[in-house]
Amino acid sequence: MQMQADTPELSRVVEVANLAPLGETITVTADRHECSSVAHRLYLVALHELSGRLTLEPWRKGGWRVTGLVHAEIEQLCVVTAQEFRSNCSFDIDRHYLHEKDRYEQTEEIVVDPFSDDEPDVIDEGRIDIGELVVEGLALSLDPYPRMPGAEFGDVHPQSDRNMDEAKPKPFAVLSKLQRSE
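What counts and what doesn't
- Note on numbering: residues in each chain are counted from 1, in written sequence order.
- Local features in a predicted model are, by the rule used here, given only for residues with pLDDT of at least 70; side-chain atom pairs are given and counted only at 80 or more, and totals for whole chains, interfaces and linings are based on all residues.
- Calculation of side-chain values draws on the structure's entire complement of heavy atoms; hydrogens and water are dropped beforehand.
- Take a side-chain nitrogen of Lys or Arg and a carboxyl oxygen of Asp or Glu: if they are within 4 Å of each other, that pair is a salt bridge.
- Starting at the N terminus, helices and strands are each numbered in turn, a helix being any DSSP run of H or I of at least four residues and a strand any DSSP run of E of at least two.
- Throughout, exposure labels follow a simple rule: accessible area from a 1.4 Å probe, protein chains only, divided by the maximum for the residue type, with under 20% read as buried, over 50% as exposed, and the rest as partly exposed.
- Should any heavy atoms of two residues lie within 4.5 Å, those residues are considered in contact.
- Think of a patch as exposed residues, more than 30% relative accessible area, with no salt bridge, where like charges cluster within 9 Å and nonpolar side chains (Val, Leu, Ile, Met, Phe, Trp, Tyr) cluster within 5 Å.
- Using the Shrake-Rupley algorithm and a 1.4 Å probe, accessible areas are obtained, with residue cover drawn only from the displayed protein chains.
- Residues adjacent in sequence count toward polar contacts only when both atoms are side-chain atoms; beyond that, a polar contact is any pair of N or O atoms within 3.5 Å, and within protein one must be able to donate a hydrogen and the other to accept it.
- We treat two strands as partners when DSSP finds at least two bridges between them.
- Axis definition: a line fit to C-alpha positions, over the contact stretch in the case of helices; interaxial angles, taken between N-to-C directions, run 0 to 180 degrees.

Our next topic: the pattern of salt bridges. All chains considered together, the criterion is met by nine salt bridges. Across the salt bridge formed by Glu34 and Arg12, the nearest N and O atoms sit 2.9 Å from each other. Taken together, the residues Glu34 in helix α1 (residues 32–41) and Arg12 in the segment before β1 (13–15) connect sequence positions 22 residues apart. Residue classification places Glu34 among the buried residues on the basis of a relative accessible area of 8%. We classify Arg12 as partly exposed; its relative accessible area is 26%. With its nearest N and O atoms 3.2 Å apart, the salt bridge here joins Glu125 to Arg127.

The following block contains the structure:
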């Protein structure tokens, strides 16, 4: 299976016209190849598992709300020790979709409210890619500075740190030499 340049690594396109009138629940599970591609995109050492159970239900006039829980088992590089470690990541999804023509009310003035909800996403040509939604959610939930459990700065290499401390000149030792020479 060769992917086109604009095809997401995990694509699960849902035709909204084919959804049940009261909504549906869909399970998204990435296969081994998709996990590898997503890991590469998100700069992970590995992605061992990525799955989610999403519910699509009608929202507003012709729109859809997508909610659900996603679970991932990831392998990252610790920023403190530079060692690879595995961890689990779970996050909720709650996104709204509308057709382009229904997204904005026609007004003369644009008002930006930083405390209001996000604008709904666009239903693109009658489709929602819930696979890409899962990957976007994973990207947003990742710690940008991952640390393996128990890793603390200063504990990188205890043996080499001790040797380096002994070799470093002590700042007040230099001053005490100056004081003795006077």
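The subject of this paragraph is the side chain of Thr81. As for its position among the elements, Thr81 is in the loop between β4 (63–77) and β5 (84–98). Thr81 sits in the buried class, given a relative accessible area of 16%. The contact partners of Thr81, leaving out residues within four places of it in the chain, are Met148 and Ala151.

Below, the discussion takes up a nonpolar patch on the surface. Residues Val79, Tyr145 and Phe153 make up a contiguous nonpolar surface patch of about 370 Å² in total accessible area. When you line up the elements, Phe153 lands in the loop between α3 (130–141) and α4 (158–167). Residue classification places Phe153 among the exposed positions, given a relative accessible area of 58%.

On to α1. The α-helix advances 3.6 residues per turn, and as a result positions three or four apart in sequence lie on the same side. Those residues of α1 that sit buried are Glu34, Cys35, Ser37, Val38 and Ala39. For α1, the N-terminal cap is Asp31; the gap from its side-chain oxygen to the backbone nitrogen of His33 is 3.1 Å. Phi turns positive one or two residues past the end of α1, at Tyr43, with a value near 60°.

The pairing of strands in a sheet happens through backbone hydrogen bonds and is either parallel or antiparallel. In spatial order, the strands read β2-β3-β4-β5-β6; together these five strands make up an open sheet with mixed pairing. Pairing within the sheet leaves two strands with one partner each, and these edge strands are β2 (24–29) and β6 (121–122). Here 13 bridges tie strand β3 (residues 46–59) to β4, and the two strands are oriented antiparallel to one another. Pairing of Ser51 across the sheet is with His71, part of β4. Sheet contacts for α1: β2 and β3; angle to β3, the most-contacted strand, approximately 95°. Along the sheet, α3 makes contact with β2, β3, β4 and β5, crossing β5 at roughly 125°.

So, on to unusual backbone geometry. Even without a glycine there, the phi angle at Ala82 is positive, about 60°. In this structure Ala82 comes out as exposed when scored by relative accessible area, which is 55%. The residue Glu125 is not glycine, and still its phi comes out positive at about 50°.

Secondary-structure assignment places Leu22 in the loop between β1 and β2. Taking relative accessible area as the criterion, Leu22 reaches 79% and is therefore assigned exposed. Along the sequence, Leu22 and Glu57 sit 35 residues apart, while their C-alpha atoms lie 6.2 Å from each other. Those residues in contact with Leu22 that sit more than four places away from it in its chain are Glu57 and Pro58.

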